[in-house]
Amino acid sequence: MKNHFAGAFSGFREVTVTDRQTAMRRRPMPFTEEQMKQVFDTNIIDFAVSHGFEVEKGDRNTVHVKHSGGLYLFRHGRGYYQFAGEKRGNIIQFAQEYLGATDFKSAVEMILGCRAYGQTEHYVTPVEKKPRGELVLPPKDKDFNRTIAYLTRTRGIDSEIVYAMINQNKIYQAVTQKNGYTFRNCAFVGYDGEGKPRYCALRSPSSDRKFRQDMENSDKTYGFCMEGRSDRVYEFEAPIDAMSHATLCKLYGIDWREDHRVAEGCLSDKALSRYLKNHPEIREIVFCYDNDVDGKDANGQPRNHGQIQANQSAEAFAKTGYKVFIQTPQTKDFNEDLLTFREMSARSRDGPERAEAEELETAYP
């Protein structure tokens, strides 16, 4: 790594090919992603009743299985709890524990009502994917004041960075009409090598509204990109995080234009893959996914989605010869890191919180 990053980023670690070697050797899953989604979308109460279990009122969160002692099914349909032994689990574990499924595969087959595809001769004709149409960008508003205020004031992003993206036509204020109403949103645009817009994400320029939408015919493999000059690229989930990271670097005297940044618009690395093909000079990748410490899977179990994706992507790209690193936000994401830093810096210039602010500063060069 470059000298200004040496030990400066908390949570910044290099990932090698052997980090998760054992996990990468796992046997292929005998079920499709669609089948597994169907399994975890199956309501455990309906599943239990269909197999002869009787349920009765439990409490506001559960129903009780009659003649079972302390077996309760959660009303949201995603798991069970057994007071004896304090066991809890998902629908697959339920099939194994109470319906005689001998292993994971037989439990999934029981829930799906069909055998694993590796053991069946059934063949479903694949549906031909509809060709993607032409992306039509929403009209630009007469001014971008609301978008600029949102990004610089609400989100704390440096104005130089915001205006640079506006001048490159990667950010603008979109105005759309629907059902007699006028909507103004931030538009984040991704382009192909010929400068043609191929991706556009809209989001509300307000902390009170959660509106987010990709324009029809957007191709997420063309992400929101901030081109640099070095051999390193940082990858993010969202454009706001990419610009927040650039702002944090600028606050510490680092030229934010030096390194490349790519935002996927989701938990993926497809835009990164395309960007690397167009930038063969890049040799280092830093994965900067969100730190979902409060994340949960479909069964309510803790799951840090961002960091799991970071490890998976780092492992995959390390195998192709790139030097890979993972940088974990101190808070939920890099925009929250930026806002927290700005708040603590303002409060602690003369106050007792100075030590706390200095601790966060060690996360950035």
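Attention in this report is confined to the structure presented alongside it.

Analysis parameters
- Residues numbered from 1 in each chain as written.
- Predicted model: local features only at pLDDT ≥ 70, side-chain atom pairs only at ≥ 80, totals over all residues.
- Heavy atoms only, no water.
- Helix = DSSP H or I, 4+ residues; strand = E, 2+ residues; numbered from the N terminus.
- Buried < 20%, exposed > 50% of the residue type's maximum accessible area, 1.4 Å probe, protein only.
- Areas by Shrake-Rupley, 256 points an atom, 1.4 Å probe, with all protein chains shown as cover.
- Pairing = 2+ DSSP bridges.
- Axes fitted to C-alpha atoms, helices over the stretch in contact; angles between N-to-C directions.
- Disulfide = S-S within 2.5 Å.

**Details of the overall build of the protein**
Step number 1: When its secondary structure is counted, the protein shows 12 helices and 15 strands.
Step number 2: When burial is assessed residue by residue, the protein has 46% of its 365 residues classed as buried.
Step number 3: Per element, the accessible surface of the protein, about 20200 Å² overall, is 48% carbon and sulfur.

**Things to note about the sheet that holds strand β5 (residues 80-82)**
Step number 1: Ordered in space as β2-β3-β4-β5-β6, the five strands form an open sheet in which the pairing is antiparallel. Every other strand in the sheet has two partners, leaving β2 (55-57) and β6 (87-89) as the edge strands with one partner each. Within this sheet the neighbouring strands show an average axis-to-axis angle of 30°, counted without direction.
Step number 2: By the bridge criterion, three bridges tie strand β4 (residues 71-74) to β5 in an arrangement that is antiparallel.

**Looking at the sheet that holds strand β7 (residues 171-178)**
Step number 1: The sheet built from four strands is open, its strands ordered β7-β8-β9-β10 with antiparallel pairing. What marks the edges here is a single partner per strand, and that holds for β7 and β10 (212-214). Averaged over neighbouring strand pairs, the angle between their axes works out to 30° when direction is ignored.
Step number 2: Bridge count between strand β9 (residues 197-203) and β10: three bridges; the pairing is antiparallel.

**Details of the pairing of strand β15 (residues 323-327)**
Within a regular strand, the side chains alternate between the two sheet faces.
Step number 1: Within β15, four of the five residues are buried, which leaves the element mostly enclosed by the surrounding structure.
Step number 2: Here strand β14 (residues 284-287) pairs with β15 via four bridges, running parallel. Bridge pairing in β15 links F287 to I326.

**Overview of unusual backbone geometry**
Step number 1: Despite not being glycine, N169 shows a phi value in the positive range, around 60°.
Step number 2: In this structure, N217 is a non-glycine residue whose phi angle is positive, near 75°.
Step number 3: By the element assignment, N217 lies in the loop between β10 and β11 (224-226).

**Details of the state of the cysteines**
Each disulfide is one covalent bond, formed between the sulfur atoms of two cysteines.
Step number 1: Using the criterion set out here, one finds zero disulfides in the structure.
Step number 2: Free of any disulfide, C249 has its nearest neighbouring cysteine sulfur in C288, separated by 9.2 Å.
Step number 3: For C249, a relative accessible area of 2% translates into the label buried.

Function-wise, these values are silent; they only describe arrangement.
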